[in-house]
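Structure at a glance
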Amino acid sequence: MVDDSRKHSSIWHNREFLLLWSGQTVSEMGTQITVLALPLVAVVLLDATPFQVGLLAAAETSAYLLVALPAGAIVDRVAKRRLMIWCDIGLFLVIGSVPLAHVLDSLTLVHLYVVALVSSVLSVFFAVAYQAYLPAVLEHSQLLDGNGKIAASRSVAQVAGPSTGAGLVTLVGAAGAMAADAVSFALSASALTAIRTPEPRRKADPGPRPTMRSQIREGLDYVLRDRILRNSVAFNGTANFFVIIVETLGPVFLIRTLDLRPGLVGLLLALGAVGGVAGGVAARHLARKFGSARISWISMTVLSLPGLLIPMAGSGWWVLLFGFGWISWTFSSTVAGISLTSYRQAACPPELLGRVSAAARWITWGTLPVGGLVGGGLATAFGVQTTLWIAVIGGCCAGLWLFFSPLRGMRDIPLSAPEPESRPEAETETVAEKP
């Protein structure tokens, strides 16, 4: 339970939350720097081919496919703060090995693949544990405020991180910029260590513990039965598949085709985060004006069309076409994502929300490593610019999953789920059971 001394107090006086929040904010900044710096290390220092950059992107996102489903069940069985500290320490050592290997002139692509894979797994476990640990340092009445501040700092990091990374890449090189990320994880671990509130022990449920497999299956079954949820997950997975191709090959296109300096590449990629923040701010107004259901498919079938400008970018001022197209994509996907997430939160039974969210994330994030591999293969076979055309056309078509769904006939997102398809009575009883 939360310490009584913090009840009814301002969240700004909650020392434990401020430590948790500040440590996470610093590490989020560092992570955004590495998102930019890691592919630049491969392209600039190791002369990686487009396919090798695609492999790196696949390794960097592979944990979403490999461990996103079981991570929640595992986190529930261990001490969350201790797990986060060990994840931070592991990330400090793994990320820090890149600039160290560069100084020792022993950096290789295999080393980068291992770094990407291990850091991906550690980051997924940290993210799951972080959300589960927050109620240990906040009252229930403070959770909304706390989550809002965390989301705000994440958005700021997504804007400031790449631009800061671009400056660091210009000053100290891509490998040196990754040292800043390693330091950020050390600071996060220090902040977590300073938290004094003991973590409440998890009470054992009466009866036999459900197996991890049965819990995972319940979440997947619910996603596949609900037509709105099924189509929204299909949309997100398709969009992520094509977006990761652009994120992976964008630096290759800008550096090798348009001959831009790495620092300018970072600034162009940072514009995507600006579009995401703008989408978050505008989402409520657009939902009121057009309807929360309607804007979800309008944003991804109409507002995303300027994304087709990305492969049209050229030398000089024409390079801004890449930035403008990238902004439109991130803006549109953010607006759609907020509406779709609201449906899942409103319609899903509370006892299933965690498992349903994990199942949805496994599908939507699981396409990221596949997209990285396919993008690298297509770029090797047809060229980087042609692959970017395939990606932006596919990304704009992802909104058709929403257009050909029940959302097209609605104005606003429903507050309850429609009757699930083909739901046997025996299965209903299984789903209703709490873990």
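No experiment lies behind these values; they were computed from the predicted model shown.

1. Section: the confidence of the model for the protein chain
Low-confidence regions, as indicated by low pLDDT, have predicted coordinates that should not be scrutinised in detail. Looking at the protein chain as a whole, the pLDDT averages 78, with 79% of positions reaching at least 70. Considering each helix and strand of the protein chain separately, the mean pLDDT is smallest for helix α15 (residues 425-432), with a value of 31, and largest for helix α13 (residues 384-397), with 92. Confidence over residues 1-8 falls short of pLDDT 50; this stretch has 15 contacts with residues more than four positions distant or in other chains. Here residues 420-435 is modelled with pLDDT under 50, and outside its nearest four sequence neighbours on either side it reaches 22 contacts, counting other chains as well.

2. Notes on the pattern of salt bridges
Counted according to the given criterion, the structure contains two salt bridges. For R15, the salt bridge goes to E16, with nearest N and O atoms at 2.7 Å. Among the residues examined, E16 registers a relative accessible area of 5% and is labelled buried. Here R256 makes a salt bridge to D47, at a shortest N to O gap of 3.2 Å. With a gap of 209 residues between them, R256 in helix α8 (residues 227-257) and D47 in the loop between α1 (15-45) and α2 (50-66) connect regions that are remote in the sequence. Residue classification places R256 among the partly exposed residues on the basis of a relative accessible area of 37%. For D47, a relative accessible area of 58% gives the class exposed.

3. Quick notes on helix α4 (residues 80-103)
Its 24 residues place the ends of α4 35 Å apart at the C-alpha level, agreeing with the 34 Å of an ideal helix rising 1.5 Å per residue. The largest bend along α4 measures about 30 degrees and falls at S97, with the proline P99 one to four residues further on. Looking one or two residues past α4, D105 carries a phi angle of roughly 60 degrees, positive in sign.

4. Some remarks on the packing of α1 against α2
Where α1 meets α2, the closest approach of the two axes is 10 Å, and the angle between their N-to-C directions is 150 degrees. Crossing handedness for the pair α1 and α2: right-handed. Across the interface between the two elements, T34, V35, L38, P39, A42 and V43 from α1 touch V53, L56 and E60 from α2. Taken together, the residues of the contact of α1 with α2 break down into seven nonpolar, one polar and one charged.

5. Here's the deal with α13
Counted at 1.5 Å a residue, the expected span for α13 with its 14 residues is 20 Å, and the 20 Å between its end C-alpha atoms agrees. Listed in full, the buried residues belonging to α13 are V384, T387, L388, A391, V392, G394, G395 and C396.

6. Let's talk about a nonpolar patch on the surface
Residues L65, L66, V110, V114, L117, V118, V370 and V374 make up a contiguous nonpolar surface patch of about 610 Å² in total accessible area. Here L117 lies in helix α5 (residues 109-133).

7. Looking at the packing of aromatic side chains
Using the criterion set out here, one finds five aromatic pairs in the structure. Relative to W21, the ring of F17 lies with its centre 5.7 Å away and its plane at 20 degrees, an arrangement referred to as stacked. Of this pair, F17 and W21 both sit in helix α1, separated by four residues, roughly a single helical turn. We classify F17 as buried; its relative accessible area is 0%. Centroid distance F403 to F404: 5.0 Å. Interplanar angle 90 degrees. Geometry classified as edge-to-face.

8. Structural notes on the environment of V78
Mapped onto the elements of the fold, V78 is located in the loop between α3 (68-75) and α4. Judged by relative accessible area, which is 38%, V78 ranks as partly exposed. Leaving out residues up to four positions away in the same chain, V78 has contacts with L83 and E199.

9. Quick look at the environment of L286
In this structure, L286 sits in helix α9 (residues 262-290). Separated by 49 residues in sequence, L286 and V335 have C-alpha atoms that sit 8.3 Å apart. With sequence-adjacent residues up to four places away left out, L286 is seen in contact with G291, I295, F331 and V335.

10. What about the packing of α8 against α13?
At a closest axis distance of 9 Å, the pairing of α8 and α13 adopts a crossing angle of 150 degrees. Looking at the two axes, α8 sits roughly antiparallel to α13. Regarding α8 and α13, the two cross each other, and that crossing is left-handed. Residues F242, I245, V246, L249, V252 and F253 of α8 form the contact with α13, whose own contacting residues are V384, Q385, T387, L388, I390, A391, V392, G394 and G395. A breakdown of the residues in the contact of α8 with α13 according to their chemical character gives eleven nonpolar, four polar and no charged.

11. Concerning the nonpolar core
One finds L20, M84, L112, V246, F253 and L254 to be the most contacted residues of the largest nonpolar core, which totals 82 residues. Take this core: its biggest share by element is twelve residues, from α1. Sequence-distant contacts of M84, defined by excluding residues within four places in its chain, comprise L20, F126, A129, Y130, Y133 and L192.

12. With respect to the state of the cysteines
The final tally for this structure, using the stated rule, is zero disulfides. Lacking any disulfide linkage, C396 is separated from the closest cysteine sulfur, that of C397, by 7.0 Å.

13. A look at the side chain of S328
As for its placement among the helices and strands, S328 is situated in helix α11 (residues 320-347). In this structure S328 comes out as buried when scored by relative accessible area, which is 8%.

14. Observations regarding unusual backbone geometry
Despite not being glycine, D105 has its phi angle at roughly 60 degrees, a positive value. Residue placement: D105 occurs in the loop between α4 and α5. With a phi close to 60 degrees, D259 is a non-glycine residue in the positive phi region.

Definitions and limits used
- Residues numbered from 1 in each chain as written.
- Predicted model: local features only at pLDDT ≥ 70, side-chain atom pairs only at ≥ 80, totals over all residues.
- Heavy atoms only, no water.
- pLDDT = per-residue confidence, 0-100.
- Helix = DSSP H or I, 4+ residues; strand = E, 2+ residues; numbered from the N terminus.
- Contact = heavy atoms within 4.5 Å.
- Salt bridge = Lys/Arg side-chain N within 4 Å of Asp/Glu carboxyl O.
- Buried < 20%, exposed > 50% of the residue type's maximum accessible area, 1.4 Å probe, protein only.
- Expected span 1.5 Å × (residues − 1).
- Bend = angle between axes of the 7 residues up to and from the residue.
- Axes fitted to C-alpha atoms, helices over the stretch in contact; angles between N-to-C directions.
- Left-handed = near helix turned anticlockwise from the far one by under 90°.
- Nonpolar A, V, L, I, M, F, W, Y, C, P; charged D, E, K, R; others polar.
- Patch = residues over 30% accessible without salt bridge, like charges linked within 9 Å, V, L, I, M, F, W, Y side chains within 5 Å.
- Areas by Shrake-Rupley, 256 points an atom, 1.4 Å probe, with all protein chains shown as cover.
- Phe/Tyr/Trp six-rings, centres within 6.5 Å; stacked < 30°, edge-to-face > 60°.
- Parallel < 35°, antiparallel > 145°, perpendicular 65-115°, else oblique.
- Core = buried A, V, L, I, M, F, W, Y, C linked by side-chain atoms within 4.5 Å.
- Disulfide = S-S within 2.5 Å.

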